[in-house]
Amino acid sequence: MTGIRCFVAVDLPEEMREKVGPLQSKIATEGLRLVRPELVHVTIKFLGDVPAEKVERVKKALAAVRAAPFTARLVGLGAFPGRSVRVVWLGLEGDFSQLSAEVEAATKSLGFPPEERGFTPHVTIGRVGRPNAGTSRELLAKIGLQSTVDLGSFTVEEFYLKKSTLTPGGPIYEDLAEFPL
């Protein structure tokens with residue numbers, strides 16, 4: 001069944017997104033697809049294809065999420081899963097646990113399975129299409145030189161239900177709903 005590809009996210013302030021591009025240029029490597037800076041965000045929960053008729057129920061459930069605003073800091077650069085790099089990320093400090101737990105509870109009641117790996121707050125800034133030892137070695141060396149990067153702090157005051165449309169030129173994100181904290 002196809003539906004509307006959705007995820008729950010926190011957006012980064014514009015001034016932080018502007019700092020992502022220069023950092024990405026320092027780690028650019030053949031085989032690494034960089035996320036356009038205007039698209040970087042913190043994914044709280046990926047929902048996948050949501051039937052169109054269920055989107056309103058998702059919005060209503062997310063509107064009931066209660067979490068206090070909090071401060072987050074974009075600090076550190078790393079990679080998942082490790083030696084064979086698939087994802088390059090910016091680290092996040094800040095207490096995302098309440099927001100994540102509330103979103104998990106709200107979506108679980110609608111039949112979305114909880115994330116088995118737990119929630120690790122991060123901002124994906126690049127993906128490796130075909131991981132290999134050479135690309136991973138090169139990337140890990142570049143990441144090592146930038147591992148202590150600190151892009152500053154921001155206040156998380158809202159989160160979004162977003163639609164993701166995949167295109168040959170990259171994803172297009174659209175806000176379906178905004179929820180204040």
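Given the structure is predicted, the values throughout are model-derived calculations rather than measurements.

S.K.: Is there a simple way to explain the confidence of the model for the protein in this structure?
M.R.: Low pLDDT means the predicted atomic positions in that stretch should not be read closely. Mean pLDDT over the protein: 94, with 99% of residues reaching 70 or higher. Within the protein, strand β1 (residues 4–11) carries the highest mean pLDDT (98), whereas helix α4 (residues 133–146) carries the lowest (94).

S.K.: I tried to follow the pairing of strand β8 (residues 158–165) on my own but got confused; where do I start?
M.R.: Each regular strand shows side chains that alternate between the opposite faces of the sheet. Relative to β8, β1 runs antiparallel, the two sharing four bridges. Within β8, the residue paired with Cys6 across the bridge is Lys163. Inspection of the sheet shows β8 paired to strand β9 (residues 172–180) by eight bridges, in the antiparallel sense. By the bridge assignment, Leu161 is partnered in β9 with Ala177. Hairpin connection from β8 to β9: six residues lie between these consecutive antiparallel strands, with Gly170 at a positive phi of about 115 degrees.

S.K.: I'm lost on the sheet that holds strand β6 (residues 122–128) in this one. Help?
M.R.: Pairing within the open sheet is antiparallel, and its five strands lie in the order β2-β6-β5-β4-β7. Because the sheet does not close on itself, it has two edges, and the strands there are β2 (32–34) and β7 (150–156). Strand after strand, the sheet turns through a mean of 30 degrees between neighbouring axes, direction not considered. Direction of pairing for strand β4 (residues 70–80) relative to strand β5 (residues 87–93): antiparallel, over a ladder of six bridges. For Ala79, the partnering residue across the bridge sits in β5 and is Val88. Against the sheet, helix α1 (residues 14–27) touches β2, β4, β5, β6 and β7, its axis set at about 150 degrees to β7. Where α4 meets the sheet, it contacts β2, β4, β5 and β6, and its direction lies at approximately 145 degrees from that of β4.

Cut-offs and rules
- Residues numbered from 1 in each chain as written.
- Predicted model: local features only at pLDDT ≥ 70, side-chain atom pairs only at ≥ 80, totals over all residues.
- Heavy atoms only, no water.
- pLDDT = per-residue confidence, 0-100.
- Helix = DSSP H or I, 4+ residues; strand = E, 2+ residues; numbered from the N terminus.
- Pairing = 2+ DSSP bridges.
- Axes fitted to C-alpha atoms, helices over the stretch in contact; angles between N-to-C directions.
- Contact = heavy atoms within 4.5 Å.

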